[in-house]
Amino acid sequence: MNANDYQKLAARTLIDEPGFEISPEQIMIAWCSIGLAGEAGEIAELVKKGIFHQHGIDVEKIKKELGDVLWYVAALCTQFNLEMSEIMQQNIHKLKVRYPNGFSSIESKRRADMPPS
């Protein structure tokens, strides 16, 4: 298959419905979700270059990007009418259930919250 054929066939699955509308709230949620993914990607890129390109990790740049990540998390919490403190508390509870003795690679293979496979 050549690239042009692929492009035409893939286009069949694009959203092209009459009357398909996106509300302002959905636009904001999409914007914040895409922004969150982008900022997380920037952190991953800094770490990749720092480790694999051996540039060293610039903690100040990481700090700025983490701030951007937090901004998008806070914005999404606002959009879903959630409190960040509740999300944080719920996450810590999940981690305590999942890893009651703290994380280890052995514990990750036999997580307390999952049935044995």
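Residues numbered from 1 in each chain as written. Predicted model: local features only at pLDDT ≥ 70, side-chain atom pairs only at ≥ 80, totals over all residues. Heavy atoms only, no water.

**Overview of the side chain of Glu39**
Relative to the elements of secondary structure, Glu39 occurs in helix 2 (residues 24–51). Lys64 provides the closest opposite charge to the buried, salt-bridge-free Glu39, at an N-O distance of 12 Å. Every residue in contact with Glu39, bar those within four places of it in the chain, is listed here: Glu65, Asp68, Val69 and Tyr72. (Helix = DSSP H or I, 4+ residues; strand = E, 2+ residues; numbered from the N terminus. Buried < 20%, exposed > 50% of the residue type's maximum accessible area, 1.4 Å probe, protein only. Lys, Arg positive; Asp, Glu negative; His and termini not counted. Salt bridge = Lys/Arg side-chain N within 4 Å of Asp/Glu carboxyl O. Contact = heavy atoms within 4.5 Å.)

**Topic: the environment of Gly56**
The residue Gly56 is located in the loop between helix 2 and helix 3 (59–79) in this model. A sequence separation of ten residues divides Gly56 from Leu46, and the C-alpha atoms of the two residues are 8.9 Å apart.

**Some details on helix 1 (residues 3–10)**
The element helix 1 is barely covered by neighbouring structure, given that only zero of its eight residues are classed as buried. A distance of 2.9 Å separates the backbone nitrogen of Asn4 from a side-chain oxygen at the start of helix 1, and that oxygen is part of Asn2. (Polar contact = N/O pair within 3.5 Å; in protein donor to acceptor, adjacent residues only side chain to side chain.)

**Observations concerning the environment of Phe20**
Take Phe20: it is sitting in the loop between helix 1 and helix 2. Sequence-wise, Phe20 and Arg98 are 78 residues apart; in three dimensions their C-alpha atoms are separated by 41 Å.

**Looking at the pattern of salt bridges**
Close approach of charged atoms lets side chains of opposite charge pair. Overall, the coordinates contain three salt bridges when judged by the stated rule. Put simply, Lys49 and Glu45 hold a salt bridge, and the shortest N to O gap is 3.7 Å. Residue Lys49 and its partner Glu45 are located together in helix 2, separated by four residues, close to a single helical turn. On the basis of relative accessibility, which here comes to 33%, the residue Lys49 falls in the partly exposed class.

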